[in-house]
Amino acid sequence: MSDILVFIICLLDGLLLMILSVYFIICLSDLECDFLNTKQGCVRLNQACHRLLLCLIVHVHIVWCLLQWVVPELVATAFIPIFLLLTLHWVVFLVTAPFAGYLIYRYMTLPPGSMGMYDPTEIRNRGMLLRFQKEAFIKVGYHLVVFFVLLYCFVVSLVLS
């Protein structure tokens, strides 16, 4: 696969992750300012929207699937290092892999029985809201740095080809 195409795909993925991180910041600041109650805010952070899926078992059934923001963020973040590893871009893989590993670890260590990554019963306790806000700002900064690293690699691959 061409290096240019690899970096275009990674750039688009990084851009989507930056937009998602800004959405998290907006929802968390709405929670902090009490524009949303805790349940509404956590539902917005945990769940994206209802999507229709067509299942072809015997007849066509319409199934409502609850898609969460956390899982697509995890998949999109893990996609970049995996894709770069498969295309043998080692240096950029080493830059992007630790953050993906951290998100996978955080998702795997969720307490059983919680509503999701953002639990309405816990978000106001022990400064969790402040911690989530700091994490969202760190995510935006990280995705911004990775975006510019990928943009640099994209320009270098354009010049070399």
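A few points on the structure. All values derive from a computational prediction rather than experimental measurement.

### What about the overall build of the protein?
- Secondary structure assignment for the protein yields five helices and two strands.
- Mapped from its N terminus to its C terminus, the protein presents α and β elements in the order α-α-β-β-α-α-α.
- Burial statistics for the protein: of 161 residues in total, 37% are counted as buried.
- With an accessible surface of roughly 9,800 Å², the protein has 73% of that area assigned to carbon and sulfur atoms.

### Points about the nonpolar core
- Membership of the largest hydrophobic core comes to 21 residues, with the highest contact counts inside it found for Phe-7, Cys-10, Leu-11, Ile-80, Leu-84, Val-92 and Leu-150.
- Going through the elements one at a time, α1 (3-32), α3 (70-86), α4 (90-108) and α5 (128-160) are the ones with two or more residues in this core.
- In this structure, Cys-10 is in contact with Ile-80, Phe-83, Leu-84 and Leu-150, ignoring residues within four places of it in sequence.
- In terms of nonpolar packing, the next biggest core, distinct from the first, is built from 17 residues, Leu-20, Phe-24, Tyr-118 and Phe-132 among them.

### A closer look at the packing of aromatic side chains
- According to the stated counting rule, one finds four aromatic pairs in the structure shown.
- Consider the rings of Phe-99 and Tyr-102, whose centres lie 6.4 Å apart with planes at 40°: the pair is tilted. Within this pair, Phe-99 and its partner Tyr-102 are both found in helix α4, separated by three residues, close to a single helical turn.
- In this structure Tyr-102 comes out as partly exposed when scored by relative accessible area, which is 36%.

Cut-off values and rules
Residues numbered from 1 in each chain as written. Predicted model: local features only at pLDDT ≥ 70, side-chain atom pairs only at ≥ 80, totals over all residues. Heavy atoms only, no water. Helix = DSSP H or I, 4+ residues; strand = E, 2+ residues; numbered from the N terminus. Buried < 20%, exposed > 50% of the residue type's maximum accessible area, 1.4 Å probe, protein only. Areas by Shrake-Rupley, 256 points an atom, 1.4 Å probe, with all protein chains shown as cover. Core = buried A, V, L, I, M, F, W, Y, C linked by side-chain atoms within 4.5 Å. Contact = heavy atoms within 4.5 Å. Phe/Tyr/Trp six-rings, centres within 6.5 Å; stacked < 30°, edge-to-face > 60°.

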